[in-house]
Amino acid sequence: MFKRRLFKHPLWGLLGLTLFLWTIEIVDQVWLGGGLDRYGIMPRRWLGLRGILLAPFLHGGFEHLAANTLPLLGLSLLVMGLGDWWLTTLLALLTAGTGTWLIAATGSVHIGASGVIFGYIGCLTLRGYFERSPVAIGVSILTIGLYGGSLGGVLPGQAGVSWEGHLFGFLGGALVAWVRSRKRGSQH
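Every chain begins its residue count from 1, and numbering advances along the sequence as written. Reporting in this predicted model follows two pLDDT cut-offs: at least 70 for local features of residues, and 80 or more for side-chain atom pairs to be given and counted; totals over whole chains, interfaces and linings ignore these cut-offs and use all residues. By convention in this description, side-chain values take in all heavy atoms of the structure and omit both hydrogens and water.

**A word on the overall build of the protein chain**
- Scanning the protein chain for helices and strands turns up eight helices and zero strands.
- Going residue by residue from the N terminus, the α and β elements of the protein chain occur as α-α-α-α-α-α-α-α.
- By principal-axis analysis of the C-alpha atoms, the protein chain measures approximately 50 × 45 × 30 Å.
- Note on exposure labels: buried denotes an accessible area under 20% of the residue type's maximum, exposed denotes more than 50%, and partly exposed covers the range between, all computed with a 1.4 Å probe on protein chains only. Put simply, the protein chain has 188 residues, and 44% of those count as buried. Where helices and strands are cited, they refer to DSSP runs of H or I of at least four residues and of E of at least two residues respectively, numbered from the N terminus.

Dropping the structure here:
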């Protein structure tokens, strides 16, 4: 019973995910020379569909993973505080991956957890707007203050950055915020 409760809490999922990400990257960089990166999203290629599920777990080196780790941890804790970590993570992963697969440049390969990170940003920034509760508004303001500068990442322009994944991840998180606020509104 304790074991079942222990692993149901999203914090354990987050810690396990972070450990898993670093383990994969160590194996990929040290033993495989970055060979796992080819399992990322390859737009409009049937084989590239596997990347929708795999890309968030793959990174282009330790610097790339380190740049994603702190936002992933910080934003995850905020999303957990609202009780939407599992849903936001899953929906952001699927929307970021699917949107990237549909519209990104042919011949490109997209990897990294930033689509999920932008999903968290989308959920947290728009939750205050949709829900209009003091806590949700406060979290939105905090998120914008800490991560608002990264919102330019949803626009094309920076070479080597998957703006498509950022944009669609953000939209997935926004969808969670909208659905949850409607659900909460119908309960009152």
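**Here's the deal with the packing of aromatic side chains**
- A pair of aromatic rings is counted whenever rings of Phe, Tyr or Trp (Trp by its six-membered ring) have centres within 6.5 Å, and the orientation is called stacked for planes under 30 degrees apart, edge-to-face for over 60 and tilted otherwise. One pass over the full model with this rule turns up five aromatic pairs.
- Between Trp22 and Phe62 the ring centres are 6.2 Å apart and the planes differ by 5°, which places this aromatic pair in the stacked class. Of this pair, Trp22 sits in helix H2 (residues 10-31) while Phe62 sits in helix H4 (residues 62-81), and the two are 40 residues apart along the sequence.
- Among the residues examined, Phe62 registers a relative accessible area of 34% and is labelled partly exposed.
- We call a charge positioned over a ring when the NZ of a Lys or the CZ of an Arg lies within 6 Å of the ring centre and within 35 degrees of the ring normal. Above the face of the Tyr129 ring, Arg132 is positioned so that its terminal group lies 4.8 Å from the ring centre.

**Focus: the pattern of salt bridges**
- Think of a salt bridge as a Lys or Arg side-chain nitrogen and an Asp or Glu carboxyl oxygen that are within 4 Å of each other. Taken as a whole and assessed by the stated rule, the structure comprises three salt bridges.
- Salt-bridge contacts for Asp84 lead to Arg127; the nearest nitrogen and oxygen are separated by 2.5 Å. Residue Asp84 is found in the loop between H4 and helix H5 (85-103), and its partner Arg127 is found in helix H6 (residues 114-131); the two are separated by 43 residues along the sequence.
- By relative accessible area, which is 1% here, Arg127 ends up buried.
- The shortest N-O distance in the salt bridge between Arg127 and Glu131 comes to 2.6 Å. One end of the pair, Arg127, and the other, Glu131, are both in helix H6, four residues apart, so they sit about a helical turn from each other.
- Salt bridges linked by common partners bring Asp84, Arg127, Glu131 and Arg180 together as one network.

**With respect to a nonpolar patch on the surface**
- Each patch is built from salt-bridge-free residues with over 30% relative accessible area, joining like charges within 9 Å and nonpolar side chains (Val, Leu, Ile, Met, Phe, Trp, Tyr) within 5 Å. Only the protein chains shown count as cover for residues, and all accessible areas are computed by the Shrake-Rupley method using a 1.4 Å probe. A contiguous nonpolar surface patch, about 570 Å² in accessible area, is contributed by Ile26, Val27, Val30, Trp31, Leu32 and Phe62.
- Structurally, the position occupied by Val27 is in helix H2.

**A few points about the environment of Phe130**
- Along the chain, Phe130 turns up in helix H6.
- In this structure Phe130 comes out as partly exposed when scored by relative accessible area, which is 29%.
- For the pair Phe130 and Leu21, spaced 109 residues apart in sequence, the C-alpha separation works out to 32 Å.
- Here, two residues are considered to be in contact whenever any of their heavy atoms come within 4.5 Å of each other. Not counting chain neighbours up to four residues away, the residues in contact with Phe130 comprise Ala174, Ala177, Trp178 and Ser181.

**Notes on the packing of H4 against helix H7 (residues 134-147)**
- Two elements in contact, H4 and H7, have axes whose closest approach is 11 Å; the angle formed by their N-to-C orientations is 170°. If you check the angle between H4 and H7, you find them roughly antiparallel. Contacts between H4 and H7 involve Leu70, Pro71, Gly74, Leu75 and Leu78 from the former and Leu142, Thr143 and Tyr147 from the latter.
- Here the residues of the contact of H4 with H7 sort into six nonpolar, two polar and no charged. Fitting a line to C-alpha atoms yields each axis, with helices limited to the stretch in contact; the angle taken between N-to-C directions then spans 0 to 180 degrees. Working rule for angles: under 35 degrees goes down as roughly parallel, over 145 as roughly antiparallel, 65 to 115 as roughly perpendicular, anything else as oblique. Under the grouping applied here, Gly and all other residues not named as nonpolar or charged are polar, the nonpolar ones being Ala, Val, Leu, Ile, Met, Phe, Trp, Tyr, Cys and Pro and the charged ones Asp, Glu, Lys and Arg.

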